[in-house]
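# Coordinate inspection notes
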Amino acid sequence: MYLLIVFLPLLGSSVAGFFGRFLGSEGTAIMTTACVSFSSIFSFLAFYEVAPGASACYLRIAPWISSEMFDASWGFLFDSPTVVMLIVVTSISSLVHLYSISYMSEDPHSPRFMCYLSIPTFFMPMLVTGDNSLQLFLGWEGVGLASYLLIHFWFTRLQADKAATKAMPVNRVGDFGSAPGISGRFTLFQTVDSSTIFSRASAPRNSWISRNMRLNAITLICILLLIGAAGKSAQIGSHTRSPDAMEGPTPVSASIHAATTVTAGVFMIARCSPLFEYPPTALIVITSAGATTSFLAATTGILQNDPKRVIAYSTCSQLGYMIFACGISNYSVSVFHLMNHAFFKALLFLSAGSVIHAMSDEQDMRKMGGLASSFPFTYAMMLMGSLSLIGSPFPTGSYSKDVILELAYTKYTISGNFAFWLGSVSVLFTSYYSFRSLFLTFLVPTNSFGRDILRCHDAPIPMAIPSILLALGSLFVGYLAKDMMIGLGTNFWANSPFVLPKNEILAESEFAAPTITKLIPIPFSTSGASVAYNVNPVADQFQRAFQTSTFCNRLYCFFNKRWFFDQVLNDFLVRSFLRFGYEVSFEALDKGAIEILGPYGISYTFRRLAERISKLQSGSVYHYAFAMLLGSTPFVTFSRMWDSLSSWVDNRSSFILIVSTFYNQKSSQE
């Protein structure tokens, strides 16, 4: 059963890929959806056995790499964090598959799409169940490949092509940290087995001084792993690829941003908690990066006009919460928020996809409006998802987001306070852009084309069923799972996310945090919704004043252009690397030294030499006679002088001459 969880999506993807043209759209949809759905059912059974039953499962399948002391085997570890992630990945993916049957029904390449959609559902379980670094890295690279294939599905669209091309180098930047981090772990611990590495993490390690800073090997490895996690989980610097992923079909956005690719970095940090607990510098860096990302993404989303991009920036912001929750040593709360976030984020994406699908693929909220009467079901779904996203009381999101802010406050450190206040202010912006999307799409006077209004329709049954199930998860999962997963005294995690006793502050945040601190998110979320209502549908005079003011125009441009992050990265990094790649790598090396000294240069040299020698073949007899004379003259001369030269050429005579010379020199010195 445990292996079927991992390999059933691979079976569905393989059948759809190799036999899709024979099965047709319906056959591939049924095959892939059935495989992922059975994997989801088995995940719930594994969850029941492993987590509440406190019975972790380890399966060693076969040896993979064995060389002297180095051993890496195909092994699968199913513990509490693993089964939680398996439920998130397989359940969300199965609902996205079901949604895609109707959403992609008119696309002629839907078999290929269903094949691609099952790929991350295989590689993500491979990542979370891997018991060694190499197997984790295999899944890590697989989800990056899957995101490229899915974003690039509509490859005839220029923007989709550019977005997929951008996603790969950003993933490679993250791999620039994760690959050396994994290599450093092997160098330091002489093994890739995770349990062995974690059990030896507390041993003191050598440190060195660099630029008046004491650097520890564990600290360096953790920072490298953080760079890898930032590349996958869209943290600051690598967050620019996340909104570009919206160029793919809407089910792609839901799968990547709710369940698979972007959650890989958060899980890796939680899995490697025994390493991250010991270097305090690494925890401070993680906290700062996560808090900055949550604020940056929240402020960027307030003036975006594509509903999918708004939701994408909300994903970056929520991932920032998860990362800085890991930075304050509360990995279980981070994974809990990851699980909650998956339900309401998938609900928001699928609801936005329903609107876009019915409005003839229109993705500008300013060209919508007044759709609440035409989409009452979708409006209700987006409202429930938005309430859960902003952390309003009682929906799923409040049970984890509020706990993260309380934990940051009771950390009583500079980094903790920094994360608390940035996270609290981010609640205001999150509430603003969530309700701004609702108002512009559903409540303001319509600004749509008449033909779109006449043809629009609410979500059909195959698209409505996944939305209903996700809405139930967005409302009740947090309430049902909070005490089990992060309640005081729970043994749910069985010490799998390891936390040092000095970093354990969950009880203090529950009982010692002031009530006013716990209530801070409520006025922030209420204020954001109120501002969104008053600024967008009502205050036309304010909007005109905002548009005519020079300062407000520049402020609008700053946030709408995403803090100019893309321009700065292009001007200062991308162009320099492209110039280096062309002038040095391409011209000087590939077309220069390697081509001259390599096979092409050798063949070119011999070809030119043969051409020059061939010019000596003139066809004239006297030229040949002269050449024969030149060739025979040295031979005849040498043969006639052989008698005088033979004493120098004879080996025995030469040996006698050398030995006699040596003895003569020795006797003269005495």
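Quick caveat: nothing in here was measured; it's all calculated off a predicted structure. (Residues numbered from 1 in each chain as written. Predicted model: local features only at pLDDT ≥ 70, side-chain atom pairs only at ≥ 80, totals over all residues. Heavy atoms only, no water.)

### A few points about the overall build of the protein chain
- Each helix and strand in the protein chain was counted, giving 29 helices and four strands.
- Seen through its C-alpha atoms, the protein chain measures out along the principal axes to roughly 115 × 65 × 60 Å.
- Considering the protein chain as a whole, with its 670 residues, one finds that 51% of them fall into the buried category.
- Long-range pairs, those at least 24 residues apart, make up 79% of the contacts in the protein chain with a sequence separation of at least 6.
- Put simply, the protein chain shows about 31200 Å² of open surface, and 66% of that area lies on carbon and sulfur atoms. (Helix = DSSP H or I, 4+ residues; strand = E, 2+ residues; numbered from the N terminus. Buried < 20%, exposed > 50% of the residue type's maximum accessible area, 1.4 Å probe, protein only. Contact = heavy atoms within 4.5 Å. Areas by Shrake-Rupley, 256 points an atom, 1.4 Å probe, with all protein chains shown as cover.)

### Here's the deal with a nonpolar patch on the surface
- The grouping of Ile 461, Ile 465, Ile 468, Leu 469, Leu 472, Phe 476, Tyr 479 and Leu 480 at the surface amounts to a nonpolar patch, some 820 Å² of accessible area in total.
- The residue Ile 465 is located in helix 19 (residues 461–486) in this model.
- In this structure Ile 465 comes out as partly exposed when scored by relative accessible area, which is 39%. (Patch = residues over 30% accessible without salt bridge, like charges linked within 9 Å, V, L, I, M, F, W, Y side chains within 5 Å. Salt bridge = Lys/Arg side-chain N within 4 Å of Asp/Glu carboxyl O.)

### Comments concerning the packing of aromatic side chains
- A complete count under the given rule lists 19 aromatic pairs for this structure.
- Ring centres 6.3 Å apart and planes at 25° place the aromatic pair Tyr 278 and Phe 498 in the stacked group. Taken together, the residues Tyr 278 in the loop between helix 11 (273–276) and helix 12 (280–301) and Phe 498 in the loop between helix 19 and helix 20 (506–511) connect sequence positions 220 residues apart.
- Residue classification places Tyr 278 among the partly exposed residues on the basis of a relative accessible area of 32%.
- Consider the rings of Tyr 409 and Tyr 412, whose centres lie 6.3 Å apart with planes at 65°: the pair is edge-to-face.
- By relative accessible area, Tyr 409 is classed as partly exposed at 23%.
- With relative accessibility at 47%, the residue Tyr 412 sits in the partly exposed group.
- Members of the aromatic cluster, joined through ring pairs, are Phe 7, Phe 76, Phe 122 and Phe 123. (Phe/Tyr/Trp six-rings, centres within 6.5 Å; stacked < 30°, edge-to-face > 60°.)

### Focus: the packing of helix 3 (residues 110–129) against helix 9 (residues 250–258)
- Relative orientation of the contacting elements helix 3 and helix 9 amounts to 10°, with a least axis distance of 10 Å. Considering their axes alone, helix 3 and helix 9 lie roughly parallel with respect to each other. Contact residues: helix 3 offers Phe 113, Leu 117 and Pro 120, while helix 9 offers Pro 251, Val 252 and Ser 255.
- For the contact of helix 3 with helix 9, the residue count by class is five nonpolar, one polar and no charged. (Axes fitted to C-alpha atoms, helices over the stretch in contact; angles between N-to-C directions. Parallel < 35°, antiparallel > 145°, perpendicular 65-115°, else oblique. Nonpolar A, V, L, I, M, F, W, Y, C, P; charged D, E, K, R; others polar.)

### A word on the nonpolar core
- Ile 92, Leu 275, Phe 276, Met 339 and Met 485 are the most contacted members of the largest nonpolar core, which totals 162 residues.
- When residues of this core are assigned to their parent elements, the largest contribution, 17 residues, is made by helix 14 (residues 331–358).
- Sequence-distant contacts of Leu 275, defined by excluding residues within four places in its chain, comprise Arg 185, Phe 189, Ile 197, Phe 198, Ala 201, Ile 218, Cys 222 and Leu 225. (Core = buried A, V, L, I, M, F, W, Y, C linked by side-chain atoms within 4.5 Å.)

### What about the UniProt feature "signal peptide" (unreviewed entry) in the protein chain?
- Feature annotation in UniProt assigns "signal peptide" (unreviewed entry) to the following positions: residues 1–16.
- Helix makes up 94% of residues 1–16 and strand 0%, with an end-to-end C-alpha separation of 22 Å. (UniProt positions renumbered as here; feature names shortened; annotations may be inferred.)

### Notes on the side chain of Ser 133
- Position of Ser 133 among the secondary structure elements: in helix 4 (residues 133–151).
- Given a relative accessible area of 2%, Ser 133 falls into the buried group.
- Each residue touching Ser 133, except ones within four places of it in the same chain, is listed here: Ile 182, Arg 185, Val 192, Ser 194 and Ile 197.

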